[in-house]
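So the chains spell out like this:
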Amino acid sequence: MIDGLVSGSTVRVELGALSYEIAIAPGSLDELGSRMAQFPSDIKGLGKKVLVVSNPTIADYYAEQAIASLTDAGFTVYSHLIPAGEQYKTLDSIQTIYDCALENRLERSSTLVALGGGVIGDMTGFAAATWLRGVNFVQVPTSLLAMVDASIGGKTGVNHPLGKNLIGAFYQPRLVWIDPQVLKTLPEREFRAGMAEVIKYGVIWDLELFERLERSKRLDRFEEIEPELLNLILTRSCEAKAQVVSEDEKEAGLRAILNYGHTIGHAIESLTGYEQVIHGEAVAIGMVAVSKIALKMGFWGQDWDQRQLALIEKTGLPTRIPSQVSIESILDSLQTDKKVKSGRVRFILPTEHTEAKITDQVPPDILREVLASLGAS
């Protein structure tokens, strides 16, 4: 247990000198400042200046509480808001963080705190990685998706008009601080979107988690999730992400499996303007698609394909591509994916052993057939 936590659990991301802890504890937002104050005040410690980056919606709920915790712990706190939405995940938004950092004379020992979901975390992390060639960075995720995925592993960045997350850097946080109670204010659609990443871990890494989700009556609303199950979801998902990142920090090999469902998902997300289909929904559709590809290529059987589909449907996530999205536009978008190598798109396909296989050998006719079967025009 981390010092200062009344109750809860921790998961450690082992990266040598860059190692850090993920703290998971209900009601712990008030303890953020005291935990950050425990870092030594040497060259690796946290300075007294903190910039909290959030969006107006999250700030209305939690900024006052987080800032009070930091102020009580002796930090000088500034804040900056960026409008909510994936469409604001741009270099223009990063510039506004830089402007605020300059105005308040942040130093290399200063800390940027990301209070929000995956979009805020990605942008704040990228700003931290690049301001003064790197300042401290703390993640305080407020969405399920950010808690189980986006806040862990150091992927930071913004979107390019022609593709998602094409501009960025690997930059690890000093700490990930998770208070599950903040999920009570998360919109139901966003909660369901986060569950897509949880299902991903169950398919590619953790059979016990997958089977536990199968036994649950409902997965589509926070209010329907028992505290024991929520703790299991958070802990097992964080452990899976931490284990993969610890083995492959910069996606040289194994870490690519965490993109399960994301290759086609990112294409759908960007082609629908990041609003009609949000990230977790796009990942769910992507998982359905690569499951069908894996089925046709013999990587797993009909029973596994149907089990995954049933779990996605129980979560209330979409399983079909919007009809206005064309096959050709998806194929074009796939060519801008970060995983393209020597002009070939690499897909992450599931197997029957709670594992995943990375391959660039998906036949074009199978890809087109699957996309058409799921509604692409």
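None of the values given here were measured: they were computed from a predicted structure. The residue count restarts for each chain, going from 1 along the sequence in the order it is written. The predicted nature of this model means local features are confined to residues of pLDDT at least 70 and side-chain atom pairs, given and counted, to a pLDDT of 80 or more, with totals for whole chains, interfaces and linings taken over all residues. Where side-chain values are given, they derive from all heavy atoms of the structure, hydrogens and water being excluded.

A. Structural detail: the side chain of Asn136. The secondary structure listing takes helices from DSSP runs of H or I that are at least 4 residues long and strands from runs of E that are at least 2 residues long, numbered from the N terminus. Its place among the elements puts Asn136 in strand 6 (residues 136-141). Only protein chains enter the accessibility calculation, which uses a 1.4 Å probe; a residue whose area is less than 20% of its type maximum is buried, one above 50% is exposed, and one in between is partly exposed. Judged by its relative accessible area of 10%, Asn136 is buried.

B. Molecular detail of the pattern of salt bridges. Each reported salt bridge corresponds to a side-chain nitrogen of Lys or Arg within 4 Å of a carboxyl oxygen of Asp or Glu. If you walk through the whole model with that rule in mind, you get 23 salt bridges. Between Glu14 and Arg12 there is a salt bridge, with its nearest N and O atoms 3.2 Å apart. Of the residues examined, Glu14 reaches a relative accessible area of 43% and is grouped as partly exposed. We classify Arg12 as partly exposed; its relative accessible area is 42%. Of the charged contacts, one joins Arg236 and Asp206 as a salt bridge, the two residues approaching to 2.9 Å between their closest N and O atoms. Pair noted here: Arg236 is in helix 8 (residues 227-247) and Asp206 is in the loop between helix 6 (188-204) and helix 7 (207-215), with a separation of 30 residues, a long-range link. It is possible to trace a salt-bridge network through shared partners that takes in Glu188, Arg192, Arg218, Asp220, Arg221, Glu223 and Glu224.

C. Quick look at the confidence of the model for the chain. The pLDDT averaged across the chain works out to 91; a share of 95% of its residues lies at or above 70. The element-level mean pLDDT for the chain is lowest in strand 8 (residues 163-170), coming to 87, with strand 5 (residues 111-116) highest at 98. Confidence drops under pLDDT 50 across residues 1-6; counting only partners more than four residues distant or on other chains, this segment forms 21 contacts. Summary of the metric used: pLDDT quantifies the predictor's per-residue confidence within the range 0 to 100. In this analysis, two residues are considered to be in contact whenever any of their non-hydrogen atoms come within 4.5 Å of each other.

D. Fine view of the UniProt feature "binding site: Zn(2+)" (unreviewed entry) in the chain. UniProt positions are given in the numbering used here, feature names are shortened, and annotations may be inferred rather than shown by experiment. UniProt feature "binding site: Zn(2+)" (unreviewed entry): in the numbering of this structure it lies at Glu197, His262 and His279. Spatial clustering of the annotated residues is evident: they stretch over 83 residues in sequence, but the largest pairwise C-alpha distance comes to 9.9 Å. Turning to its location among the elements, Glu197 is positioned in helix 6. Given a relative accessible area of 0%, Glu197 falls into the buried group. Those residues within four positions of Glu197 in sequence are excluded, and the remaining contacts are Leu145, Val148, Asp149, His262, His279 and Val283. If you trace the backbone, His262 turns up in helix 9 (residues 262-271).

E. Fine view of the pairing of strand 4 (residues 76-81). Bridge count between strand 3 (residues 49-54) and strand 4: six bridges; the pairing is parallel. Along strand 4, the bridge assignment pairs Ser54 with Leu81. A clockwise course of the path from the first strand over the helix to the second, judged with the strands pointing away from the viewer, identifies a crossover as right-handed. With respect to chirality, the unit in which strand 3 leads through helix 2 (residues 56-72) into the neighbouring parallel strand 4 is right-handed. Should DSSP find at least two bridges between two strands, the strands are regarded as paired.

F. A look at the domain arrangement of the chain. Here the bounds of each domain stem from an automatic or database domain assignment. Each domain of the chain was delimited in the assignment, giving domain 1 (9-185) and domain 2 (192-374). If you average the C-alpha positions of domain 1 and of domain 2, the two centres end up 26 Å apart. Every contact between the two is made by 33 residues of domain 1 and, on the other side, 33 residues of domain 2. Buried area between domain 1 and domain 2, both sides added, is near 2,700 Å², and the carbon and sulfur share of it is 66%. Along the contact surface separating domain 1 from domain 2 lie two salt bridges. With its nearest N and O atoms 3.4 Å apart, the salt bridge here joins Lys241 to Asp149. Identification of polar contacts relies on pairs of N or O atoms within 3.5 Å, with a donor-acceptor requirement for protein atoms, meaning one able to donate a hydrogen and the other able to accept it, and with residues adjacent in sequence counted only if both atoms are side-chain atoms. Between domain 1 and domain 2 we count eight residue pairs in polar contact (both at pLDDT 80 or more) in total. In short, buried area is how much 1.4 Å probe accessible area vanishes from two parts on joining, totalled over both.

G. Up close: the pairing of strand 7 (residues 155-160). When strand 7 meets strand 8, the two strands line up antiparallel, connected through five bridges. Across the sheet, Thr156 pairs through a bridge with Ala169, a residue of strand 8. Here strand 7 hands over to strand 8 after two residues, the two strands then running antiparallel side by side.

H. Quick look at helix 3 (residues 91-103). Helix span is expected to be 1.5 Å times the residue number reduced by one. Helix length check: helix 3 (13 residues) gives 18 Å between terminal C-alpha atoms against 18 Å at 1.5 Å per residue, within 8%. Structurally, helix 3 contributes buried residues whose contacts are with strand 3, strand 4, strand 5, helix 4 (118-130) and strand 7. Phi for Arg105, located one or two positions after helix 3, is positive at around 55 degrees.

I. Fine view of helix 2. A rise of 1.5 Å per residue sets the reference length of helix 2, with its 17 residues, at 24 Å; its end C-alpha atoms lie 23 Å apart and thus fit the reference within 8%. One axis is fitted to the seven residues ending at the residue and one to the seven starting there. The bend at that residue is the angle between these axes. For helix 2, the principal kink sits at Tyr62 and spans about 60 degrees. Those residues of helix 2 lying buried are Ile58, Ala59, Tyr62, Ala63, Ala66, Ser69 and Leu70. At its buried positions, helix 2 is contacted by helix 1 (32-36), strand 3, strand 4 and strand 5. Of the residues that open helix 2, the one with a side-chain oxygen 3.0 Å from the backbone nitrogen of Thr57 is Asn55.

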